[in-house]
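Results of the structural survey
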There are 2 protein chains.
Amino acid sequence: MSAFEEFLARVRTDVDRCLDELIPSAGTEPRSLHEAVRWSVFAGGKRVRPALVIAAGEVFGAEPDSLMRTAAAIEMLHTYSLIHDDLPAMDDDDMRRGKPTCHRQFGEATAILTGDLLQTLAFEVLAEDEGLDPSLRVRLISLVARAAGSPAGMIAGQQLDLAAEGLALAGDEIERIHGQKTGALITAAAAAGAIIGGADEGELEAIGTYARNIGLLFQITDDILDVTAPTALIGKTAGKDAAAAKATYPSHYGVERSREMAADMLAEACSALETLPHNTTLLRELAHEIASRRR
Amino acid sequence: MSAFEEFLARVRTDVDRCLDELIPSAGTEPRSLHEAVRWSVFAGGKRVRPALVIAAGEVFGAEPDSLMRTAAAIEMLHTYSLIHDDLPAMDDDDMRRGKPTCHRQFGEATAILTGDLLQTLAFEVLAEDEGLDPSLRVRLISLVARAAGSPAGMIAGQQLDLAAEGLALAGDEIERIHGQKTGALITAAAAAGAIIGGADEGELEAIGTYARNIGLLFQITDDILDVTAPTALIGKTAGKDAAAAKATYPSHYGVERSREMAADMLAEACSALETLPHNTTLLRELAHEIASRRR
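Overview of the structure.

Conventions we followed
Counting from 1, residues in each chain are numbered in the order their sequence is written. For this description, chains carry letters from A and ligands carry numbers from 1, given in the order in which they are written. With the structure being a predicted model, the display of local features is reserved for residues of pLDDT at least 70 and the display and counting of side-chain atom pairs for 80 or more, all residues being used for whole-chain, interface and lining totals. Secondary structure is summarised from DSSP: a helix means a run of H or I of at least four residues, a strand means a run of E of at least two, and numbering begins at the N terminus for each. One fewer than the residue count of a helix, multiplied by 1.5 Å, yields its expected span. Any residue surrounded by 20 or more other C-beta atoms within 10 Å of its C-beta is treated as buried, while 12 or fewer makes it exposed and the intermediate range makes it partly exposed; C-beta atoms here are placed from the backbone. Contact between residues is assigned whenever the C-beta positions, reconstructed from backbone atoms, fall within 7 Å. Residues below a pLDDT of 70 in either copy are left out; the C-alpha atoms of the rest, at least 70 in both, set the least-squares superposition of the copies. Residue polarity follows a fixed list, in which Ala, Val, Leu, Ile, Met, Phe, Trp, Tyr, Cys and Pro are nonpolar, Asp, Glu, Lys and Arg are charged, and the others, Gly among them, are polar.

Residues and elements named next belong to chain B. With 12 residues, helix α3 (residues 48–59) should cover 16 Å at 1.5 Å per step; its first-to-last C-alpha distance of 16 Å lies within 8% of that length. By the criterion of burial, α3 is predominantly enclosed, with 10 of the 12 residues buried. Taken residue by residue, α3 has Arg-49, Pro-50, Ala-51, Leu-52, Val-53, Ile-54, Ala-55, Ala-56, Gly-57 and Val-59 as its buried positions. Tucked into the core, α3 has its buried residues touching α1 (3–22), α4 (64–85), α9 (171–196), α10 (201–228) and α15 (281–291).

See below:
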């Protein structure tokens, strides 16, 4: 196992343990709700956002323990967004990570409440992070809420994405949608780690450039996999984007040009890191990992 | 206009102005999302929870300005819960406050995202409340998140309520569901105001007893109105609870006994206030207002 693979394995173990401690047990009433939360959170997610929090934090010298709740909270927000996105009124997905989606397993009403609860829990977890100074906690809550909300964050991107179905969009509109829907929370994850590590404004700007490119890279890779990978491999229904006439990079630019754009984004992300005097190996390897993923 | 009516009018004006400032304008993209947020927030709500924040805060000497964002944030959480409760997969309501519900007006996908956004905004607003010390902000966020979440809060109560449809419940089970679904956020509203006003532990306990009774009183009054008031007056479809075989006080105890219980709760709420040396007129009148409401 390479040092980077060891890092990813450690993140998964630590974040999963933290999530397990923070989420009410499956035996706590109302059981179906907490079972559904656990079903969705422990469904084999790749923990990309927690890895970004922890990598960015460690680059700036933060203690791993001081990053854990923030990493868990951002993963909760990500999971809530997937649960709601999968609902019949939204993307209407039956499978996610090779398992039935939350509403297929627990019913639509419980899935709505499960997503709602994961959002609430995320902010509860950030507010009660005793290891961080309260002024740092409110800064992180503000950062994360803006990245998850509207007009600049995830919910705005999701609304624009739904409104764009079937429309021919310009390239910059596709970038805006993806930048908000996927990129904003990924950027916030990296920024949150760097803030906990004590990064200054100039350093945060470099991390922001890195993370915005990673966010788009992540989405473009996702879009390419939707076109090129079989359902069994990616664990969700392949070809859904085209069927729903979604605005994606491959549908707009074609697969080849999309692959070139992904390579450019990877290069830009890495060159932003070079402006920092820190050892940014973790972040660079994470960018390469995102670019080369197969599911 | 009595002094108390003037207080309620002032709360409505001030809270509505604050909400208007905090919510993205209807012209901000994505417009349909922000229009839907505004449609739901400015739909003629009674602003009971903001009134509780402000009344409890003023009783303990808080400046009205220092209470406004907390009042607005709690109203946002309340509104998000109504939007999601009204969805077809939940209570499936077409009308709310005499107008089409959010999903009837804007579609189901937008309604889901509108509720999601109001929850995000509530925590953003609390985190960015520059008038309060950060340690106070994280305390309020924690309080409000627990009241809105699970296992002790609103989402837990909603899940239990859905699971209980068609079942014969014991009286204490009905009280638990209502205590969580409606009571928890109402209790948090009063506690938040008192905390901002600097109330000590003993004072918070008295406010807690008052608010728990107010919360149940609010719900029992709602249930009685659902049975006895015509649709045009209450602004939502009357008789929905019985049609859905909901667990309510009138269905369990009958209307007469429910009215007696409401009177007992009002008396208990007021007697909790008598343990305080403060001028609690505002809170007492608010309790009477809730008990005697006709819609």
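Having seen it, we continue.
Least-squares fitting of chain B to chain A yields an RMSD of 0.0 Å, with the superposition described by an axial translation of 0.0 Å and a rotation of 180°. What the rotation and shift describe, once combined, is the action of a two-fold rotation axis. Looking at the rotation axis and the C-alpha trace of chain B, the residue lying nearest is Pro-134 of chain B, at 2.7 Å. When the interface residues of chain B are mapped onto chain A, 100% of them again lie at the interface, so the same face is used by both copies.

Cis geometry is adopted by the peptide bond preceding Pro-151 of chain A, which originates at Ser-150 of chain A and carries an omega value of 15°. Within the secondary structure layout, Pro-151 of chain A lies in the loop between α7 (134–148) and α8 (154–164). Despite not being glycine, Arg-97 of chain B has its phi angle at roughly 55°, a positive value. By the secondary structure assignment, Arg-97 of chain B is in the loop between β1 (95–96) and β2 (99–100). Of the residues examined, Arg-97 of chain B has 15 C-beta atoms within 10 Å and is grouped as partly exposed.

Right, let's get into the interface of chain B and chain A. The partner chain A presents 43 residues to the 43 residues of chain B that form the contact. Only α2 (31–41), α6 (108–127), α7 (134–148) and α8 (154–164) of chain B provide two or more residues apiece to the side of chain B that touches chain A. Sorting elements by how many residues they give to the side of chain B that touches chain A places α6 of chain B first, with 13 residues. The class makeup of the residues in the side of chain B that touches chain A is 24 nonpolar, 12 polar and 7 charged.

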